[in-house]
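Geometric and topological summary
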Amino acid sequence: MLNMSKLWSIALRKYGFKGLRRMDNSGYCSGSLDNLHHSSDEDDDELVDIAGATLDFSSADDDPPLSSGVYDEYGSSCSGAAGMNGNGPSRLVDPLEDPVPGVGTYEDFNTIDWVREKSKDRDRHREITNKSKQSTLALLLSISDAFSGWLLMLLIGLMSGALAGGIDIAAHWLTDMKGGVCLIGFWFNNEHCCWTSTETTFQDRDECPHWQSWAQLITGTSQGPLAYIINYLFYICWALLFAFLAVLLVRAFAPYACGSGIPEIKTILSGFIIRGYLGKWTLIIKTITLVLAVSSGLSLGKEGPLVHVACCCANILCHLFTKYRKNEAKRREVLSAAAAVGVSVAFGAPIGGVLFSLEEVSYYFPLKTLWRSFFAALVAAFTLRSINPFGNSRLVLFYVEFHAPWHLVELAPFILLGIFGGLWGALFIKANIAWCRRRKTTRLGHYPVAEVLVVTALTAVIAYPNSYTRMSGAELISELFNDCSVLDSSQLCGYQQPANISETGVGNSLADRPAGKGLYTALWQLALALIFKMMITVITFGMKVPSGLFIPSMAVGAIAGRLLGVAVEQLAYYNHDSFLFKGWCSPGADCITPGLYAMVGAAACLGGVTRMTISLVVIMFELTGGLEYIVPLMAATMTSKWVADAFGREGIYEAHIRLNGYPFLEPKEEFDHSSLAVDVMRPRRSDPALAVLTQEGMTVEEVESLVENTHFSGFPVVVSQESQRLVGFVLRRDLIISIDNARKRQEGVVSTSAVVFTEHAPPQAAEAPPPLRLRGIMDLSPFTVTDHTPMDITVDIFRKLGLRQCLVTHNGRLLGIITKKDILKHMAQIAHRDPDSILFN
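Residues numbered from 1 in each chain as written. Predicted model: local features only at pLDDT ≥ 70, side-chain atom pairs only at ≥ 80, totals over all residues. Heavy atoms only, no water.

1. Side note on the state of the cysteines
On inspection of all chains with the given rule, the structure shows 1 disulfide. Disulfide pairing is shown between cysteine 182 and cysteine 193; the S-S distance is 2.1 Å. Disulfide cysteine 182-cysteine 193: torsion about the S-S bond near 80 degrees, hence right-handed. Taken together, the residues span a long stretch of sequence, with cysteine 182 in strand β1 (residues 180-182) and cysteine 193 in helix α3 (residues 190-193) at a distance of 11 residues. (Disulfide = S-S within 2.5 Å. Helix = DSSP H or I, 4+ residues; strand = E, 2+ residues; numbered from the N terminus.)

2. Re the packing of aromatic side chains
What the rule picks out here adds up to 23 aromatic pairs. Between tryptophan 173 and phenylalanine 186 the ring centres are 6.3 Å apart and the planes differ by 50 degrees, which places this aromatic pair in the tilted class. You can see tryptophan 173 sitting in helix α2 (residues 136-177) and its partner phenylalanine 186 sitting in the loop between β1 and α3, a full 13 residues away along the chain. By relative accessible area, phenylalanine 186 is classed as partly exposed at 49%. Ring centres of tyrosine 256 and tyrosine 277 lie 5.1 Å apart, and the angle between their planes is 55 degrees; this geometry places the pair in the tilted category. Within this pair, whereas tyrosine 256 is found in the loop between α5 (225-253) and α6 (262-269), its partner tyrosine 277 is found in the loop between α6 and α7 (280-295), the two being separated by 21 residues in sequence. For tyrosine 277, a relative accessible area of 0% puts it in the buried group. The structure contains a cluster of three or more aromatic residues connected by ring pairs, namely Trp114, Tyr363, Tyr364 and Phe664. A cation over a ring is seen here: arginine 470 above tyrosine 464, with NZ or CZ 4.2 Å from the ring centre. (Phe/Tyr/Trp six-rings, centres within 6.5 Å; stacked < 30°, edge-to-face > 60°. Buried < 20%, exposed > 50% of the residue type's maximum accessible area, 1.4 Å probe, protein only. Lys NZ or Arg CZ within 6 Å of the ring centre and 35° of its normal.)

3. Topic: the sheet that holds strand β8 (residues 772-773)
Pairing is mixed across the open sheet formed by 3 strands, whose spatial order is β4-β7-β8. With one partner strand each, in any of the chains shown, β4 (698-699) and β8 form the two edges of the open sheet. The sheet contact formed by strand β7 (residues 754-756) and β8 spans 2 bridges and is parallel. Paired with valine 756 across the two strands is arginine 773, which belongs to β8. (Pairing = 2+ DSSP bridges.)

4. A few points about helix α20 (residues 614-624)
The buried fraction of α20 is high, at 9 of 11 residues. For α20, the full list of buried residues reads Ser615, Leu616, Val617, Val618, Ile619, Met620, Glu622, Leu623 and Thr624. Residues of α20 that are buried in the fold lie against α10 (328-347), α11 (350-361), α16 (473-481), α18 (550-574), α19 (594-610) and α21 (630-647). A positive backbone phi angle near 80 degrees is found at glycine 625, which sits one or two residues after α20. (Contact = heavy atoms within 4.5 Å.)

5. Here's the deal with a nonpolar patch on the surface
Together, Phe147, Trp150, Leu151, Leu154, Leu158, Leu367 and Trp371 give the surface a local cluster of nonpolar side chains, amounting to about 660 Å² of exposed area. The set of elements that each furnish at least two residues to the nonpolar patch consists of α2 and α12 (367-387). The element that contributes the greatest number of residues to the nonpolar patch is α2, accounting for 5 residues. Relative to the assigned elements, leucine 158 resides in helix α2. According to the relative accessible area criterion, leucine 158 is partly exposed, its value standing at 39%. (Patch = residues over 30% accessible without salt bridge, like charges linked within 9 Å, V, L, I, M, F, W, Y side chains within 5 Å. Areas by Shrake-Rupley, 256 points an atom, 1.4 Å probe, with all protein chains shown as cover. Salt bridge = Lys/Arg side-chain N within 4 Å of Asp/Glu carboxyl O.)

6. Brief notes about the sheet that holds strand β12 (residues 813-819)
Strands sit in the order β10-β11-β12 across an open sheet of 3 strands; the sheet is mixed. Where the open sheet ends on each side, the last strands, each with one partner, are β10 (784-786) and β12. Direction aside, the axes of adjacent strands within the sheet are offset by 35 degrees on average. Note that β10 and strand β11 (residues 805-810) share 3 bridges and pair parallel. Bridged to threonine 786 within β11 is threonine 809. (Axes fitted to C-alpha atoms, helices over the stretch in contact; angles between N-to-C directions.)

7. What to know about unusual backbone geometry
Following arginine 682, the chain continues into proline 683 via a peptide bond in cis, with omega recorded as 0 degrees. Tracing the backbone shows proline 683 in the loop between α23 (677-680) and β3 (693-694). With a phi close to 65 degrees, arginine 611 is a non-glycine residue in the positive phi region. Topologically, arginine 611 is positioned in the loop between α19 and α20.

8. With respect to the nonpolar core
Among the nonpolar cores identified, the biggest contains 148 residues, and Phe481 and Met620 are the most heavily contacted of them. The residues touching methionine 620, leaving out its near neighbours within four places in the chain, are Phe481, Met554, Met599, Ala602, Ala603 and Leu633. Val700, Phe715, Val717 and Leu772 belong to the second largest nonpolar core, which has 24 residues in total. (Core = buried A, V, L, I, M, F, W, Y, C linked by side-chain atoms within 4.5 Å.)

9. Some words on the pairing of strand β5 (residues 714-718)
Burial of β5 is extensive: 5 of the 5 residues sit out of reach of the surface. In β5, alternate side chains face the same way, and those of Gly714, Pro716 and Val718 on one face and Phe715 and Val717 on the other are all buried. With 2 bridges joining them, β3 and β5 adopt parallel strand pairing. For threonine 694, the partnering residue across the bridge sits in β5 and is valine 718.

10. Comments concerning the pattern of salt bridges
Tallying each qualifying case throughout the model produces 22 salt bridges. Note that glutamate 654 and lysine 266 form a salt bridge whose closest N and O atoms lie 2.5 Å from each other. With glutamate 654 in helix α22 (residues 652-660) and lysine 266 in helix α6, this residue pair connects regions lying 388 residues apart in the sequence. Judged by its relative accessible area of 8%, glutamate 654 is buried. Using a relative accessible area of 2% as the deciding quantity, one classes lysine 266 as buried. Of the charged contacts, one joins arginine 439 and glutamate 451 as a salt bridge, the two residues approaching to 2.9 Å between their closest N and O atoms. Taken together, the residues arginine 439 in helix α13 (residues 411-441) and glutamate 451 in helix α14 (residues 448-463) connect sequence positions 12 residues apart. Of the residues examined, arginine 439 reaches a relative accessible area of 5% and is grouped as buried.

The following block contains the structure:
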């Protein structure tokens, strides 16, 4: 969030207090957790199923073994990292002197410490600045370091734009393949195949001699019941093949490639670690399966998954730059910019993409990230425009040319569309979450391939007879946004043309006319398509294939908007003398634009599902080019959000975050309970005493025993067991790595060696082994609150500083600890939800 930066100065010298509470599970799995391992910096592609998978709680041990010899370098080794040097038993082991790889990094399914990461980056930047004054080479390195962020944004924009262009072209080709094939080259889609044809007529502009349906290839004719049945069967078979390949690739190679990806992206940007979710295999498989899933005809879109694809590109490219490879907070700034790039290439809306990242996805969004997001979105949009995947030399997905201005009276139906969008959004969220919960808790979740095939077959069988459900979601929305012109032969333009009314209204548009037979047929088909889309999208979103929600939600709203637009248009035509229309809608004028209603309805339904507001309006006018229709879009979007919030303040992405149990503190959710820190902290009165380390008096054996017999992620360090005066905090992972490394590399370290966290080692007996000094891995200034701190203040501190946990004291004496998971469980209890639904720490 933006105001996080205001509080960094409070914690300038803080570092290294990651977590204390154990994780209740080691992660998602497909039957066993044996395949979980600690990925190295070069291997960020661990295949662990997470979205919609079945959870296995048979193992609660999330800790690396004490004898582990491989240390994870996914993060960075801080300047105060642990390290030992095997120069003989006479030398004291001091982590400050020789950093050890792995200290200061994070395990899978754990939360990063924002304060430590930001402090680490400040130290790095301060060191580079000081060195730049000493030599010309150091100055050049400093300039290179400052420029690296912009270079990284350039590479992300180029890579994401190129991938998005390839996905658009491939999806269009495979979608058309369900209907036929091009004889002059099977790699051409219908539109490209007919570009060079001189025999194409205006009425049959989608058909040409070079393009033949499957029935024409087999029977030689495209007319008759037999040809219809053959085309019907081929449509279903191609859809099943594409869906089967998509779910098979996801299941076999990259389980993280399924779903939208935006809920996990939001959680990752808040500081959570999900190894492999943004890795190379996920990128490759998601790119391929996204094309297959969209081409199968399922009720899903590619816009949400493109955000995941762009973030994968950013994460992979971050490994080229040390500054971002070794700092998790800096990497998340890049991922925030990548989310903007994803929307930019999905819709051709670079400004809307930046606002989407700011409003909907990002957790920490400083001004520097805003500038870089804008630059990356610009580069991505330029790259996509250069590829020209839509073949119309335009960047926008749905270009509109509305000529009639809107009137103040029309705000009433626009607001009505907003109400419909809010109701549909609330209903969809509740229904989809109920279905996804059923998938996770019943045998349905054990057969993801069968589920995808059944839903695909059901979709194809019902969709084919209706021309509006047979076409892809983008084509349907484009058809609904279209304004009827003189040369338009669409069924939606099947009006009667009275002889006494001028043919043209404004420009190339037509005056309002009475509905004809073709339009009535189209309206019935649209009504059936609306019901079908509303029902099938509920069970499609969340399946084990890449599935976005933007296009299906917009399609539902566009259908409803077009139906309402035609109804208002006919009302105005037959009642132009009434007080509602008199004075601005005269006979023979182009008063009502049904395509505008479709555009407003699309925005309303998408807003009701996602609860986006500002970014949605900007995306819509960038998407369509309809800049003068911002006020109707704003009215419908705001109404949609108000209505949907009346039934629940969670959008679809927040609902899926809660369903999956991710540790995400929603910035929009208010905490208005009067509880205190002492009411939430651990241990409770009935719990065992808090496991702590003392700054002196413990041996290596005692520390190892404490680590082995507990599952906490860290330990407070106190002066003594009697005083309980707080000294600092040590991470479990750092403690294990430091002791393990000391045993291997320092001969004098044995089980009876003393472990000290003081600056100077206490006097030792002559025959005693040298002490193990671990002050360097201890956080000397852990964040603390008193036992009477109100929880609303504590929650605000956690949100703004991105804390993993804070310690609770009373007059300097340690009482307990509050972790992010404790806060989430407490908030769940207040909201009468199951507190055990918070799975990760």
